Amino acid sequence: MSEPLRAVLGEDQALVREGIATILRSAGITVVAAVDNAVDLVRVTKEQRPDVVITDIQMPPNLNADGLQAAQEIRTAQPEIAVIVLSQFLDASYALDLVGDDPSGVGYLLKEKVASPQILTDAVERVVAGGSALDSDVIAALVGRKRKEDPLAALTPKEREVLALMAEGHSNSGIARQLFVTVPAVERHVTGIFMKLGLSQATSSQHRRVLAVLRYLKQ
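Here's a quick rundown of the structure. Keep in mind that this is a model prediction, so the values were computed, not measured.

**A word on the side chain of glutamate 11**
Part 1: With respect to the secondary-structure elements, glutamate 11 resides in the loop between strand E1 (6-10) and helix H1 (14-26).
Part 2: At a separation of 3.0 Å, a polar atom in the side chain of glutamate 11 contacts the main-chain amide nitrogen of glutamine 13.
Part 3: Setting aside its immediate chain neighbours within four residues, glutamate 11 contacts Val16, Arg17, Val35, Asp36, Asp56, Met59 and Lys111.

**A look at the pattern of salt bridges**
Part 1: All told, the structure shown has 10 salt bridges when counted by the stated rule.
Part 2: Close ionic contact of aspartate 40 with arginine 43 constitutes a salt bridge, the shortest N to O distance being 3.4 Å. Of this pair, aspartate 40 and arginine 43 are both found in helix H2 (residues 38-48), 3 residues apart, which corresponds to roughly one turn of the helix.
Part 3: Between arginine 49 and glutamate 80 there is a salt bridge, and its shortest N-O distance comes to 2.3 Å. Taken together, the positions of arginine 49 in the loop between H2 and strand E3 (52-56) and glutamate 80 in the loop between helix H3 (66-77) and strand E4 (82-87) put the pair 31 residues apart, joining distant regions of the chain.
Part 4: The exposure class of arginine 49 is partly exposed, given its relative accessible area of 47%.
Part 5: Here the salt bridges do not stand alone but share partners, grouping Glu11, Asp56 and Lys111 into one network.

**What about unusual backbone geometry?**
Part 1: Geometrically, the link from proline 60 to proline 61 is a cis peptide bond, its omega value of 15° lying close to zero.
Part 2: Phi at phenylalanine 180 is positive, roughly 60°, even though this residue is not glycine.
Part 3: Relative to the helices and strands, phenylalanine 180 is located in the loop between helix H8 (172-179) and helix H9 (183-196).

**Quick look at the nonpolar core**
Part 1: Tyr108 and Met166 are the most contacted members of the largest nonpolar core, which has 49 residues in total.
Part 2: When near neighbours in sequence (up to four residues on either side) are disregarded, tyrosine 108 contacts Ile57, Val85, Ser87, Phe89, Asp91, Tyr94, Ala95, Leu98, Ala133, Leu134, Asp135 and Val138.
Part 3: Counting residues in hydrophobic clusters, the runner-up holds 18 residues, among them Ile20, Leu86, Leu120 and Val124.

**What to know about the packing of H8 against H9**
Part 1: As a packed pair, H8 and H9 sit with axes 8 Å apart at the nearest point and diverge in direction by 110°. For the element pair H8 / H9, the angle class is roughly perpendicular. Residues Asn172, Ser173, Ile175 and Ala176 of H8 lie in contact with H9, whose contacting residues are Val183, Val186, Glu187 and Val190.
Part 2: Split into classes, the residues belonging to the contact of H8 with H9 amount to 5 nonpolar, 2 polar and 1 charged.

**Regarding the sheet that holds E4**
Part 1: The strand order across the open sheet formed by 6 strands is E2-E1-E3-E4-E5-E6, and the pairing between neighbours is parallel. Each having just a single partner strand, strand E2 (30-35) and strand E6 (132-134) make up the two edges of the open sheet. Ignoring strand direction, the axes of neighbouring strands in this sheet form an average angle of 20°.
Part 2: Sheet analysis places strand E5 (residues 106-110) next to E6, joined by 3 bridges and oriented parallel.

**Things to note about the packing of helix H7 (residues 157-168) against H9**
Part 1: Contact pair H7 / H9: the axes reach a minimum separation of 9 Å and the direction vectors enclose 95°. With respect to H9, the element H7 is oriented roughly perpendicular. For the pair H7 and H9, contact is made by Lys158, Glu159, Val162, Leu163 and Met166 and by Val186, His189, Val190, Gly192, Ile193, Phe194 and Lys196, respectively.
Part 2: Here the contact of H7 with H9 is built from residues that sort into 7 nonpolar, 2 polar and 3 charged.

Procedures and definitions
- Residues numbered from 1 in each chain as written.
- Predicted model: local features only at pLDDT ≥ 70, side-chain atom pairs only at ≥ 80, totals over all residues.
- Heavy atoms only, no water.
- Helix = DSSP H or I, 4+ residues; strand = E, 2+ residues; numbered from the N terminus.
- Polar contact = N/O pair within 3.5 Å; in protein donor to acceptor, adjacent residues only side chain to side chain.
- Contact = heavy atoms within 4.5 Å.
- Salt bridge = Lys/Arg side-chain N within 4 Å of Asp/Glu carboxyl O.
- Buried < 20%, exposed > 50% of the residue type's maximum accessible area, 1.4 Å probe, protein only.
- Core = buried A, V, L, I, M, F, W, Y, C linked by side-chain atoms within 4.5 Å.
- Axes fitted to C-alpha atoms, helices over the stretch in contact; angles between N-to-C directions.
- Parallel < 35°, antiparallel > 145°, perpendicular 65-115°, else oblique.
- Nonpolar A, V, L, I, M, F, W, Y, C, P; charged D, E, K, R; others polar.
- Pairing = 2+ DSSP bridges.

Here's what the structure looks like:
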């Protein structure tokens with residue numbers, strides 16, 4: 001029997017913090033620490049070495065983007081730990097800062113879109129497994145930026161749709177369910193995406209997936 005996932009939670013509002021902790025515990029996830037400021041978040045994460053850190057963006061001590069900065073610091077110092085940022089702000093630059101050069105093990109969710117406990121626990125499972133969990137509105141804001149050249153211009157509308165769902169963190173089977181198509185159909189689209197983006201077959205499929213998502217997010 002596998003050990004339960006271990007989480008550290010950072011949220012300065014007591015009721016919200018306890019609510020998130022309750023959701024996690026009800027899903028069998030052990031909350032090893034729950035703190036109300038970014039300094040303690042970094043400290044207890046270093047001490048506890050959890051599977052995942054879940055944090056708000058605006059936290060003490062400065063009530064700016066302290067939680068985001070703490071998440072980035074944790075990602076740099078302990079890259080094996082998955083990180084999910086829960087935000088009330090639709091700020092694409094925050095998401096890009098968090099993703100950096102690798103969306104693996106990263107989640108960025110809008111609080112208002114976490115309409116059910118299952119959304120949060122599914123995101124935890126995805127990022128701990130090395131995937132991503134990026135809110136669709138955040139992705140739309142990233143992709144909607146003005147740019148001189150579009151590296152994805154060669155993709156068909158369906159391939160763009162598949163790549164957008166890849167960026168959200170869905171597996172091929174999850175994409176198939178979202179688009180009401182078969183898994184082999186999704187696999188063909190993914191192969192087409194890799195080819196058109198020039199992602200070598202010598203690279204592992206998972207790494208090519210990561211590179212494709214980065215090109216999509218940072219186009």
